[in-house]
Amino acid sequence: MAQLTPQSLEISSDALESSTSANAETIIGLLRKEIDTSNYDYYVLDDPKIPDIDYDMLFRALEAWENKFPQFKDSHSPTQRVGGERLSEFAPARHSRPMLSISNAFEDEEAGEFDAACRKKMGFLEGEELEYCVEPKFDGLAISLTYEHGLFTRAATRGDGEVGEDVTANVRTIKAIPMDLRGALGNPLPARLEVRGEILMHRKDFARLNERQRAAGEKEFANCRNAAAGSLRQLDPRITATRPLRFYAYALGECVGTPIHQSHMEALEWLKGIGFASSGLATVQKGLGGVLAARKVIGDQRATLPFDIDGVVYKVNAYNAQEKLGFISRAPVWARAHKFPPEEVATLLEGWAVQIGRTGVATPVAKVKTVFVGGVNVSSITLHNFDEVAKKDVRIGDTVIVRRAGDVIPELARVIFERRPEGAQPIMMPSQCPVCGSAIVKIEGEAAARCTGGRICGAQKTQAVEHFASRRMMDIDALGGETVNLLFEHNVIADSSDLYALDVEKLRALPRFGEVSVQRLLRNVEASKGRDLRRFIFALGIPNVGESTAKSLAKTFGSIEALMQASEQDFQRVNDIGPVGAKSLAAFVSDPDNIAFIQRFIDRGARPTDAAMTPVSATPALGKTFVITGTLPSLSRDDAKAMVEAAGGKVSGSVSKKTDWVLAGAEAGTKLTKAQDLGVPILDEAAFLALLSAPVASDEEQSVETDSELPPEPENATPVASGELVGQGDLFGAPDAIPAQPAPKSRPRM
DNA sequence: TTACCTCGAGCTCA
DNA sequence: CTCGAGGTAA
């Protein structure tokens, strides 16, 4: 391939005048390739080969050619890396495979336990050793990149692991990330390839950025990670484009039609080969001795690496072994992050306070002289409980060692007793609640001390409302702690049921609460009226009633009225509810205050309904059997399953003659083929939603999500495969659907 | 727990 | 323009 030198560029710029589109395409291709290579040298290899001035010349030449021949413009061209239109928000992006987190180890013993557990599950004998890949644990932000037919199509943050945020526009500006893998991948191109890795900032680049920020009078960033996170979260990609972000790939996610690798290390090598940056630090090791040695090698280089790391990651190298080891509760059994010991800093314990939680638990919090540790300023540290305080013998005026353990939470490691001043006062459990004055008692055998004030305690009252409004409960957007306090202080509300009887004039009279805030609150409260029963029960904050209990209760009783009528025996009989839960429920429903409280909700129009108990006779799905296969564009399988069950249908695992419908998403497998063979009707997500949109909007939230994901014209929805296209119900006009907010967001599921 | 981005509110100054 | 709230990330 001819090298495109500045000299040949001159020729090409002469040629620009007289060129035809035939050779224009060739020249544009050469220019793009040259610029991509130069970006690769600079941002991936960290080894620039041409001077900046030549790079600029190439870049301007490409722009000129693309402008003259706009038919060859391409979103994957390097000229598109300058950042596009400003976004108004980041769209939700569902991961086709969940982005799991890796469990942590802090001590060498835990690494040993990890190795022992893996060997045991593999059935290894004494002396037999597993092979691990040891690599650095980058201190940045996890990101998932999707390539379709070699072209970059999407970048998503981790989010809750299921649904992240779509940051494609920002990631397009990161020159360390290739936009076009077609040259590197060879044929046949994988239909879809997901690359996972970490976006971070090099220390040098971070220092330079902060210099720039300082010069411009802007705020400096606290550390590399925050600078990278802040840069990626910009709604304006043009700002992101000016930030020196890098990317290191560390795993493959979904792969369709790509070369099959046998091991993690092979995959890493392959990623390096197709244009992704590699730390060069990953090695394959045998057994515990090997991984610990490799960790030391990486740890010794830590200070001189170009980027921050906070530990190493061990992964069982062979894919077949990984498969055998599998997962336990959303974390792979075959991987472990082994963190470096956290930085420890001494500071002065200047005072302390008691925090009263939603359930009255009194938590001591140490107030220390602010110290910079682990990349942030720490000034307040939870002491967990008074037993802990006594055990560590923490006193006011002590010099204490602070560290950021685990992921984020600052921890008081120990007291330096030698530095204790005379007469330092111990931290004692208060006998009275600082908020309401009620007695604080500690139940023998329990760690927690509790305020007995209950409903009269201001702290518990406000936090109960906060809890009620939170994302996982009634999801009343933009109603956070401070707003709740404001509402209490001005007597706008006395409990959460008052949210459904808000006095607009009182709201308008609140300080720092303009018309926009008033309308937003009213709208969000209104939208929460129809949350399903399970969330409502959970949101009430009944002691010992968590998410799963609330779910069972909703399923069993079907309405809040029925639940309030139930006896302790009734509760006992509910699946998964034991004597403790039943007692606490019985106490709740027999309390006249609670009965009145619930009645107010009902009177004020809250209508929590459980999808499973909604009359479903009108739904065509009633009593039908569905099979779900492949990845759906916006719903997870669990969502789809829940919706089917809500509509009175069943979900089964395999296709047979008894199957009524197959719901198929992307990369559907043999189930789809079988459905076609048997002539079972096949639905895509849009058709499925249409089918299920019965006269009753069973779940307001789902209809909001639907609005944001579906094309505006349901009749344009195309089935993914041949088969009968079924059901074109009214998706949008459900009678009591809440008007969609201007910018609906989908939420992580409960 | 802290840091960061974004937005609304409410201020100053033109 | 500054402040502070809410949301998100680790």
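Structure first, text after, so check above.
Computed from a predicted structure; not experimentally measured.

## Considering the overall build of chain A
Now for step 1: Each helix and strand in chain A was counted, giving 27 helices and 24 strands.
Now for step 2: Here chain A, with 750 residues, has 48% of them falling under the buried criterion.
Now for step 3: In chain A, the proportion of contacts linking residues at least 24 apart, taken out of those at least 6 apart, comes to 69%.
Now for step 4: Carbon together with sulfur atoms contributes 52% to the accessible area of chain A, which is approximately 35600 Å² in total.

## Quick look at the sheet that holds strand 7 (residues 192-201)
Now for step 1: The strand order across the open sheet built from four strands is 5-4-7-8, with neighbouring strands paired in antiparallel fashion. Each having just a single partner strand, strand 5 (151-157) and strand 8 (245-256) make up the two edges of the open sheet. Strand-to-strand, the axes of this sheet are offset by a mean angle of 25°, without reference to chain direction.
Now for step 2: In this structure, strand 4 (residues 141-148) lies alongside strand 7, joined through eight bridges in antiparallel fashion. By the bridge assignment, Ala-142 is partnered in strand 7 with Glu-198.
Now for step 3: Across the sheet, helix 10 (residues 264-273) is in contact with strand 7 and strand 8; its angle to strand 8 comes to roughly 120°.

## Examining the nonpolar core
Now for step 1: In this structure, Leu-553 and Phe-571 are the most contacted members of the largest nonpolar core, which totals 50 residues.
Now for step 2: Of all the elements in the fold, those that place two or more residues in this core are helix 14 (458-469), helix 15 (481-489), helix 17 (515-528), helix 18 (533-539), helix 19 (547-557), helix 20 (560-565), helix 22 (579-590) and helix 23 (592-603).
Now for step 3: Beyond its immediate stretch of four places on either side in the chain, Phe-571 contacts Leu-553, Phe-557, Leu-563, Ala-566, Ile-577, Ala-582, Leu-585, Ala-586 and Val-589.

## Considering the packing of aromatic side chains
Now for step 1: Counted according to the given criterion, the structure contains 21 aromatic pairs.
Now for step 2: Look at Phe-138 and Tyr-248: their rings are 5.1 Å apart centre to centre, the planes differ by 20°, and that puts the pair in the stacked class. Placement of the pair is Phe-138 in strand 3 (residues 131-138) and Tyr-248 in strand 8, with a sequence separation of 110 residues. You'll find Phe-138 and Tyr-248 in the same group, each marked buried.
Now for step 3: A centroid spacing of 6.3 Å and a plane angle of 80° characterise the contact between Phe-468 and Tyr-500, whose relative ring orientation is edge-to-face. One end of the pair, Phe-468, is in helix 14; the other, Tyr-500, is in the loop between helix 15 and helix 16 (504-508), with 32 residues separating them in the sequence.
Now for step 4: Classification of Phe-468 as buried rests on a relative accessible area of 0%.

## Re the protein's contact with DNA strand C
Now for step 1: In the neighbourhood of DNA strand C, 16 residues make up the surrounding shell, with Val-408, Arg-471, Ala-478, Gly-480 and Thr-483 lying closest.
Now for step 2: Sugar plus phosphate, as a fraction of atoms of DNA strand C within 4 Å of the protein: 79%.
Now for step 3: Take Ala-478: an N or O atom from its main chain is 2.8 Å from a phosphate oxygen of DNA strand C.
Now for step 4: In this structure, Gly-480 approaches DNA strand C through a main-chain N or O atom, which is 2.7 Å from a phosphate oxygen.
Now for step 5: Looking at the surface near DNA strand C, the elements with two or more residues in it are strand 4 and helix 15.

## Side note on the protein's contact with DNA strand B
Now for step 1: Around DNA strand B lies a shell of 23 residues, among which Ala-222, Leu-235, Ser-379, Arg-512 and Ser-517 are the nearest.
Now for step 2: Near-protein atoms of DNA strand B (within 4 Å) split between backbone and bases, with sugar and phosphate holding 98%.
Now for step 3: At 3.3 Å from a phosphate oxygen of DNA strand B is found a main-chain nitrogen or oxygen belonging to Ser-380.
Now for step 4: At 3.1 Å, a backbone N or O of Gly-514 approaches a phosphate oxygen of DNA strand B.
Now for step 5: Those elements giving two or more residues to the surface near DNA strand B turn out to be helix 8 (224-232), strand 16 (376-382) and helix 17.
Now for step 6: Here the surface near DNA strand B is built from residues that sort into nine nonpolar, eight polar and six charged.

## Section: the pairing of strand 17 (residues 399-404)
Now for step 1: Note that strand 14 (residues 344-356) and strand 17 share five bridges and pair antiparallel. Bridge assignment links Glu-344 to a residue of strand 17, and that residue is Arg-403.
Now for step 2: In this sheet, strand 18 (residues 410-415) lies alongside strand 17 in antiparallel orientation, the contact comprising five bridges. Looking across to strand 18, one finds that Val-402 is bridged to Leu-412.

## Regarding the environment of Lys-204
Now for step 1: Positionally, Lys-204 belongs in helix 7 (residues 203-215).
Now for step 2: For the pair formed by Lys-204 and Gly-454, sequence separation is 250 residues and the distance between their alpha carbons is 54 Å.

The rules behind these values
Residues numbered from 1 in each chain as written. Chains lettered and ligands numbered in written order. Predicted model: local features only at pLDDT ≥ 70, side-chain atom pairs only at ≥ 80, totals over all residues. Heavy atoms only, no water. Helix = DSSP H or I, 4+ residues; strand = E, 2+ residues; numbered from the N terminus. Buried < 20%, exposed > 50% of the residue type's maximum accessible area, 1.4 Å probe, protein only. Contact = heavy atoms within 4.5 Å. Areas by Shrake-Rupley, 256 points an atom, 1.4 Å probe, with all protein chains shown as cover. Pairing = 2+ DSSP bridges. Axes fitted to C-alpha atoms, helices over the stretch in contact; angles between N-to-C directions. Core = buried A, V, L, I, M, F, W, Y, C linked by side-chain atoms within 4.5 Å. Phe/Tyr/Trp six-rings, centres within 6.5 Å; stacked < 30°, edge-to-face > 60°. Near = heavy atom within 4 Å. Polar contact = N/O pair within 3.5 Å; in protein donor to acceptor, adjacent residues only side chain to side chain. Nonpolar A, V, L, I, M, F, W, Y, C, P; charged D, E, K, R; others polar.

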